[in-house]
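Chain by chain, the residues:
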Amino acid sequence: MQNQTSKTPAQDAVLETTFSALGTGNNIQLYRYEDRIAASEAMGRAQERVLGLHDRLSVFQPESELSLLNASAGCGPVPVGEDAFHLLSESKRYSAMSGGAFSITTRVLSALWRIHARCGTVPSRAEVEHSLSLVGDEDILLDEIAKTAELRRFGQSVDLGSIAKGYAADEVRRILAEGGVRDALINLGGTVVTLGRTRRVGIQHPDRLTGIAMGRVALTNACVVTSGDYERYYEVDGVRYHHIVDPRTGYPARSGLRSVTLIGNSALELDAFSTVVFVLGAEQGLPLLSQAGVDAVLVTDKLDVFCTEGLSENFELL
Ligand code: ADP
Ligand code: MG
């Protein structure tokens, strides 16, 4: 998922922060702003915002709202805050829009695969079938008025790993802009948002060391998000098992793509769509992107690279 960002030779970041949250390393760099103190404070607030989202949304935080929701599956509604409510309802929307390719209820499958990854084994068909029977984002019940969420069936479980970073990146951009920041580079574990001048952002080569790019795209006030099979995976008998699950099969998605990089204006939307397209493949995925006005660079199993028409001027193969 590593979008390596090219160094800007002209100028070093004037203000910068690096911190861990949402299961990844995060970096915010400010280059231009109206007022140094206001910008520095905005950067602090942005970091606090991401750390707050982590505390409330991470399923690896036992007391988070999402952990409490999962622990209450099949037992009725639990109160959730505005962020969780928003992301749960957006997730349901992307799930419906993608015919279920995007399903945050795949958490039961992700958990099964994670255990096997640790042991270097592959789950049995019966194990996969059992977990698969618990997948279905229509079982996430939301009450707008009561601000509650509920998982309909016992044993169901959700995680926001495929959408939370995008939302967090949008929030960071909003907070910085409100603080008078005019030029900045936001990188939340490879989910990149730029503010201000045009920057070239590298697209990670699926088979090379982190930081080695296979292409570059020029971005002006834009977001770039990648889903790929190379960041988190394990191998058994030469077969690669990665972390994006196809909710239709219960197995890691095999749609003919190694990575999907999307360029657009909303990091949340790109984060959801990158998972969708990675699961559905180019043929079914590209029409959804063109409807949404999102541009893409796709790397196939054969390492062929395609980009959508909107990028023809801005994409450079290395
Ligand atoms: P990354 O987390 O590497 O940035 P993604 O945005 O594609 O990549 O999200 C992958 C994460 O989303 C997984 O680690 C898992 O928690 C969850 N997930 C896996 N498969 C799906 C899916 N089909 N729909 C929604 N979420 C998924
Ligand atoms: Mg995603």
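Since the model is a prediction, treat every value here as computed from it, not as a measurement.

## Regarding the domain arrangement of the protein
Assigned domains within the protein: domain 1 (5-53 + 163-317) and domain 2 (65-151). Averaged C-alpha coordinates put domain 1 and domain 2 at centres separated by 23 Å. Listed per partner, the contact involves 24 residues of domain 1 and 26 residues of domain 2. Buried area between domain 1 and domain 2, summed over both chains or domains, comes out near 2,100 Å², and the portion from carbon and sulfur atoms is 73%. Among the residues of domain 1 in contact with domain 2, Tyr234, Pro247 and Tyr251 are the three that bury the most area, contributing 28% of the side total. Across the domain 1-domain 2 interface, the total number found is one salt bridge. Asp83 serves as the salt-bridge partner of Arg49, at 2.8 Å between the closest nitrogen and oxygen. Seen at the junction of domain 1 and domain 2, the total is four residue pairs in polar contact (both at pLDDT 80 or more). For the side of domain 1 that touches domain 2, the secondary-structure elements that each account for two or more residues are helix H1 (36-57), helix H6 (164-178), strand E11 (233-236) and helix H7 (267-280). Grouping the constituent residues of the side of domain 1 that touches domain 2 by class yields 18 nonpolar, three polar and three charged.

## What to know about the packing of aromatic side chains
Two aromatic rings are characterised by how far apart their centres lie and by the angle between their planes. The full count for this structure, using the stated rule, is five aromatic pairs. With centroids separated by 6.3 Å and ring planes inclined at 65 degrees, the aromatic side chains of Tyr94 and Phe102 adopt a geometry described as edge-to-face. Here Tyr94 falls in the buried class, since its relative accessible area comes to 2%. Measuring from ring centre to ring centre gives 5.5 Å for Trp113 and Tyr251, while their planes differ by 65 degrees; the resulting arrangement is edge-to-face. Note that Trp113 is positioned in helix H4 (residues 107-119) and Tyr251 in the loop between strand E12 (239-242) and strand E13 (257-264), a separation of 138 residues in sequence. Members of the aromatic cluster, connected to one another through ring pairs, are Trp113, Tyr234, Tyr241 and Tyr251. Over the ring of Tyr94 we find Arg93; its NZ or CZ atom is 4.8 Å from the centre of that ring. Here the basic side chain of Lys147 rests over the ring of Phe85, its NZ or CZ set 4.6 Å away from the ring centre.

Rules used throughout
Residues numbered from 1 in each chain as written. Chains lettered and ligands numbered in written order. Predicted model: local features only at pLDDT ≥ 70, side-chain atom pairs only at ≥ 80, totals over all residues. Heavy atoms only, no water. Domains from an automatic or database assignment. Contact = heavy atoms within 4.5 Å. Buried area = accessible area lost by both parts, 1.4 Å probe. Salt bridge = Lys/Arg side-chain N within 4 Å of Asp/Glu carboxyl O. Polar contact = N/O pair within 3.5 Å; in protein donor to acceptor, adjacent residues only side chain to side chain. Helix = DSSP H or I, 4+ residues; strand = E, 2+ residues; numbered from the N terminus. Nonpolar A, V, L, I, M, F, W, Y, C, P; charged D, E, K, R; others polar. Phe/Tyr/Trp six-rings, centres within 6.5 Å; stacked < 30°, edge-to-face > 60°. Buried < 20%, exposed > 50% of the residue type's maximum accessible area, 1.4 Å probe, protein only. Lys NZ or Arg CZ within 6 Å of the ring centre and 35° of its normal.

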